[in-house]
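# Results of the structural survey
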Amino acid sequence: MPLFDAHCHLQDALLRPHLDGLLADARAAGVEGWSCCAVAEDDWDEVLAIADTHEGVVPSLGLHPVFLRTRRAGWLARLAARLAARPEAAVGEVGLDLAREGLVPVEEQEAVLGDQVGLARDLGRPLTLHGVHAWPRVIALLRAFGPHPAGIVCHAFGGPPDVIGPLAALGASFSFPASVTRHRAPRVRAAARAVPLARLLAETDAPDFAPLGADAARLERDPDGRPINVPRTLPVVVAALAAIRGEDPTVTGEATAHNARVLLAGGAGR
């Protein structure tokens, strides 16, 4: 089964100008599906345009906690209108971030997240969650709504294994990026081992989270010298996940692709 990237940002300025070639390279590497997640209102229409012009791209629209200062009055109504017009679109990337300085207060983050969780429930859409040093608060907020029938992607999951059960009970699956290639990420690797295969997803988070061995993978560098991750690196993530879990990479790849397609490209109400 072709691989499915459960989370990426194809609209990013580092990728968008080269997207035709980057997706062709990814297809040649065995990747044929992508969940392309918006982070701010200004990129909602760009994400939808990419989905319209590139087969296999599933759009996801939302407000990321890092970009909440950019939101404008009436944002929720505009988000609801776009989602209502696009039944294939999921909600995300949304969430809580307690690690970065200079963000809006956590109470404001929680209010915006609650609005988006409620909208996703009303429309029967999957939800892609960002959680950094915030999983207990995320769980408490989700519990107030109850299990999410359309499913949840816990993106770039790095939480402790003991939150996997409570999140799974609320409808969550768990997506791992190339942090699994880093031996100095013991908690991520422990979580990757603990997630049931039926709840496991793989992602690139392109253009972020480049795997180790970036020079060997011939990745270009951004103006700050950091490697620019691209959609074709998903097999590296799958291989690392399989090694951590003691699985055949074919088993891991097929399971993550199947799980992502059921959740993001064919779930209830879609």
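Residues numbered from 1 in each chain as written. Predicted model: local features only at pLDDT ≥ 70, side-chain atom pairs only at ≥ 80, totals over all residues. Heavy atoms only, no water.

## Examining the overall build of the protein
Across its full length, the protein holds 9 helices and 8 strands. Since a compact globule built from 270 residues should have a radius of gyration of about 18 Å, the 17 Å found for the protein is in line with a globular shape. Each principal axis of the C-alpha distribution contributes one length, and for the protein these read about 45 × 40 × 40 Å. Across the 270 residues that make up the protein, the buried fraction comes to 55%. In the protein, 72% of the contacts between residues at least 6 apart in sequence involve partners at least 24 apart. Working note: accessible area of the protein is about 11000 Å², and carbon and sulfur atoms make up 55% of it. (Helix = DSSP H or I, 4+ residues; strand = E, 2+ residues; numbered from the N terminus. Rg over C-alpha atoms; globule rule 2.2 N^0.38 Å. Buried < 20%, exposed > 50% of the residue type's maximum accessible area, 1.4 Å probe, protein only. Contact = heavy atoms within 4.5 Å. Areas by Shrake-Rupley, 256 points an atom, 1.4 Å probe, with all protein chains shown as cover.)

## So, the environment of Pro211
Within the secondary structure, Pro211 sits in the loop between β8 (200-202) and α8 (234-245). Looking at Pro211, the relative accessible area reads 4%, which means it is buried. With 29 residues separating them in the primary sequence, Pro211 and Arg182 have C-alpha atoms 7.9 Å apart. For Pro211, the residues in contact, after removing those within four places along its chain, are Ala178, Thr181, Leu219, Asn229, Thr233 and Val236.

## Considering the sheet that holds strand β6 (residues 152-154)
Taking strand neighbours across the sheet as the criterion, the 8 strands line up as β1-β2-β3-β4-β5-β6-β7-β8 in an open arrangement whose pairing is parallel. Strands with a single pairing partner mark the edges of an open sheet, and in this sheet they are β1 (3-8) and β8. Neighbour-to-neighbour, the strand axes of the sheet open up by a mean angle of 30°, direction not taken into account. Pairing of strand β2 (residues 31-37) with strand β3 (residues 57-61), which is carried by 4 bridges, proceeds in the parallel orientation. Residue Trp34 lies in a different strand from β3, and its bridge partner there is Val57. Along the sheet face, helix α9 (residues 249-264) touches β1, β2, β3, β6, β7 (172-176) and β8 and points at about 95° away from the line of β8. (Pairing = 2+ DSSP bridges. Axes fitted to C-alpha atoms, helices over the stretch in contact; angles between N-to-C directions.)

## Some details on the packing of aromatic side chains
If you walk through the whole model with that rule in mind, you get 3 aromatic pairs. A centroid spacing of 5.4 Å and a plane angle of 55° characterise the contact between Trp135 and Phe157, whose relative ring orientation is tilted. Of this pair, Trp135 sits in helix α5 (residues 135-145) while Phe157 is found in the loop between β6 and α6 (164-169), placing the two residues 22 residues apart along the sequence. Exposure class is identical for Trp135 and Phe157. Each is buried. Their ring planes at 90° and their centres at 6.1 Å tell us that Phe157 and Phe176 sit as a pair that is edge-to-face. Here the residue Phe157 occupies a position in the loop between β6 and α6, and Phe176 occupies one in strand β7, the gap between them amounting to 19 residues. Of the two residues examined, Phe157 and Phe176, each falls in the buried class. (Phe/Tyr/Trp six-rings, centres within 6.5 Å; stacked < 30°, edge-to-face > 60°.)

## Looking at the side chain of Gln116
Positionally, Gln116 belongs in helix α4 (residues 106-123). Overall, Gln116 belongs to the buried group, its relative accessible area being 1%.

What is shown is where atoms sit, not what they do.
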